[in-house]
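What follows is the residue order along each chain.
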Amino acid sequence: MPNNNNNNNNKSTKCVHSGNLVDDKYYGNISPIYPSITYDFIKSDVYPRYFNTPNQIGVCKKISDLENAELSLLFGSGLGAIATTMLSLLKQGDHVILQDSLYGGTINLVNTEFKKFGIEHSYVDVNDRKKLDSSLKKNSKVIYVESPSNPLLNIVDLSSISDFAKSNGLVSVIDNTFASPINQNPIDLGIDLVIHSATKYLGGHSDILAGSVSGSKEKIEVIKSSGLNFGSNISEYTAWMLERSIKTLKIRVNAQNDNALNLAKFLSEHNFVSKVFYPGLENHKNHDIAKIQMHGFGGMLSFELNSSIDPIKFVSDLKIIKPTMSLAGVESTITSPALSSHKKMNPDIRRGLGISDNLLRFSVGIEDFEDLMLDLDNSLTKNGK
Ligand SMILES: *Cc1c(COP(=O)(O)O)cnc(C)c1O
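The sections below set out a description of the structure shown in this document. A quick note: this is a predicted structure, and the numbers were derived from the prediction, not measured. (Residues numbered from 1 in each chain as written. Predicted model: local features only at pLDDT ≥ 70, side-chain atom pairs only at ≥ 80, totals over all residues. Heavy atoms only, no water.)

## Describing the sheet that holds strand β4 (residues 140-146)
Then step 1. Here we have seven strands laid out as an open sheet, ordered β1-β7-β6-β5-β4-β2-β3, and mixed in their pairing. If you trace the sheet from one side to the other, it starts and ends with β1 (71-75) and β3 (120-124), each paired once. In this sheet, adjacent strand axes meet at a mean angle of 20° when their direction is disregarded.
Then step 2. Alignment of strand β2 (residues 95-99) against β3, held across five bridges, turns out to be parallel. What sits directly across from Q99, in β3, is V124.
Then step 3. Across the sheet, helix α3 (residues 78-89) touches β1, β2, β4, β5 (171-175), β6 (193-197) and β7 (211-215), and the angle it forms with β6 is around 155°. (Pairing = 2+ DSSP bridges. Helix = DSSP H or I, 4+ residues; strand = E, 2+ residues; numbered from the N terminus. Axes fitted to C-alpha atoms, helices over the stretch in contact; angles between N-to-C directions. Contact = heavy atoms within 4.5 Å.)

## Observations regarding unusual backbone geometry
Leaving glycine out, the prevailing phi sign among residues is negative, and the prevailing peptide bond configuration is trans.
Then step 1. Here the residue pair S147 and P148 is connected by a cis peptide bond, since its omega of -5° sits within 30 degrees of zero.
Then step 2. Among the structural elements, P148 can be located in the loop between β4 and α6 (158-167).
Then step 3. Backbone torsion omega between N150 and P151 reads -5°, so that peptide bond is classified as cis.
Then step 4. For P151, the position within the fold is in the loop between β4 and α6.
Then step 5. For F51, which is not a glycine, the phi torsion comes out positive at approximately 65°.
Then step 6. The residue S180 is not glycine, and still its phi comes out positive at about 70°.
Then step 7. S180 gets classed as buried once you look at its relative accessible area, which sits at 0%. (Buried < 20%, exposed > 50% of the residue type's maximum accessible area, 1.4 Å probe, protein only.)

## A closer look at the side chain of K219
Then step 1. With respect to the secondary-structure elements, K219 resides in helix α8 (residues 217-230).
Then step 2. It is D192 that comes nearest to the buried, bridge-free K219 among opposite-charge side chains, at 4.2 Å.
Then step 3. What K219 contacts, discounting residues up to four positions off in sequence, is V171, D192 and L193. (Lys, Arg positive; Asp, Glu negative; His and termini not counted. Salt bridge = Lys/Arg side-chain N within 4 Å of Asp/Glu carboxyl O.)

## Structural notes on the pattern of salt bridges
Then step 1. One pass over the structure, following the stated rule, counts 14 salt bridges.
Then step 2. The closest approach of N and O atoms between D40 and K43, which form a salt bridge, is 4.0 Å.
Then step 3. Judged by its relative accessible area of 39%, D40 is partly exposed.
Then step 4. Overall, K43 belongs to the exposed group, its relative accessible area being 74%.
Then step 5. Among the ionic pairs, E113 bridges to K116, the shortest N-O distance being 2.8 Å. Placement of both E113 and K116 in helix α4 (residues 104-116) is noted, with a separation of three residues, approximately one turn of the helix.
Then step 6. Overall, E113 belongs to the partly exposed group, its relative accessible area being 29%.
Then step 7. K116 sits in the exposed class, given a relative accessible area of 62%.
Then step 8. When salt bridges with common partners are traced through the structure, they connect D348, R350, R351 and D357 into a single cluster.

## Some words on the packing of helix α2 (residues 54-67) against helix α9 (residues 236-246)
Then step 1. Relative orientation of the contacting elements α2 and α9 amounts to 35°, with a least axis distance of 9 Å. Crossing hand, α2 versus α9: left-handed. Every residue of α9 that contacts α2 at N55, Q56, V59, K62, I63 and L66 is listed here: E236, A239, W240, L242, E243 and I246.
Then step 2. Its residues placed into classes, the contact of α2 with α9 shows seven nonpolar, two polar and three charged. (Left-handed = near helix turned anticlockwise from the far one by under 90°. Nonpolar A, V, L, I, M, F, W, Y, C, P; charged D, E, K, R; others polar.)

## Here's the deal with the packing of aromatic side chains
Then step 1. According to the stated counting rule, one finds five aromatic pairs in the structure shown.
Then step 2. Seen in terms of ring centroids, F51 and F75 are 5.5 Å apart; in terms of plane orientation they differ by 70°. Their pairing is edge-to-face. Here F51 is found in the loop between α1 (11-17) and α2, whereas its partner F75 is found in strand β1, with 24 residues between them in sequence.
Then step 3. On the basis of relative accessible area, F51 is assigned to the buried category, the value being 6%.
Then step 4. Relative to F362, the ring of F303 lies with its centre 6.4 Å away and its plane at 75°, an arrangement referred to as edge-to-face. Remark: F362 occurs in strand β12 (residues 359-363) and F303 occurs in strand β9 (residues 300-305); sequence separation between them is 59 residues. Residues F303 and F362 agree in their burial class; the two are buried.
Then step 5. Among the aromatic residues, those joined into a ring-pair cluster are F303, F314 and F362. (Phe/Tyr/Trp six-rings, centres within 6.5 Å; stacked < 30°, edge-to-face > 60°.)

Structural measurements only, silent on function.
As structure tokens, then:
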């Protein structure tokens, strides 16, 4: 099993209890919702866009405790958290170093919006120290990574990124969505800011859109003061739903970790599968780093079908695993990056990144392993003649 540098054992207690609001009027067992968008101005300075409502503060405390952060902020989406964080830290004339494989929405944000504000950027293979060193400019301010990354589950060595950032005066930011706070705590490895698309594992039921950023009080205050100008805030109802969802985060993610590892092994040995990408497999190119820095290997995996199999037919013949774009729900879902998230990319560039036409990205749910295995096996056998 992956080792870890701090205790991962009390996280379910934090998931269930941290930050919950006390109902001291009616003595109810769970957090009340305070949906008010206006408060008595003589007695209170609360306003939802200022990130200071009771429900937001409560959920932020839960996320901070899970990420070992001082403070967190919630947003209306993961991309809201990413855009607000980056635009709070960067200004015209600054330069940001980005990992070369990032979530598509983040790439669109950088390529279209940053240009308008005169913010420069470079994409680099951040595990290649020489390339990383040569990407550094006088005006570099931020390094931004994602690990595990989409869709090939590449792992970034987070300790070496934090060393690089510290020795060059950069703020380090990670999109920790794929790992979830159960499997990886980048702040413990020296990373400054940790972002989640809470739409994914934190939410976990494919029914809420939200995002978060966590870090030191000093850095979060900077993001907060710009963030109230950008206004990408969460609703109190969604914050409350998120609190409820996070209560089961550890048991969900642990079940997804176990299923994913077992299914990765099963697929690796299947005749009609040519490659499997999962950081928990010993043959994954970054397995050694994953073992050191992750508490579990996650619920996401990718695999390549043999070239004789039509991926659309394969996916259509699955009975339990659903063909949908998003990920991290309790239900298993599968998608073809070449036909969805990376469809608009030039096919040669896409294949150059290792995303073949027969690659499928599989978000493993909490169903019973045997049912998922049989579902895959039936469709592979049917289509793999
Ligand atoms: C989904 C996702 C995002 C964007 O989150 P939204 O909540 O859809 O805005 C960012 N990063 C990663 C890794 C994601 O999977």
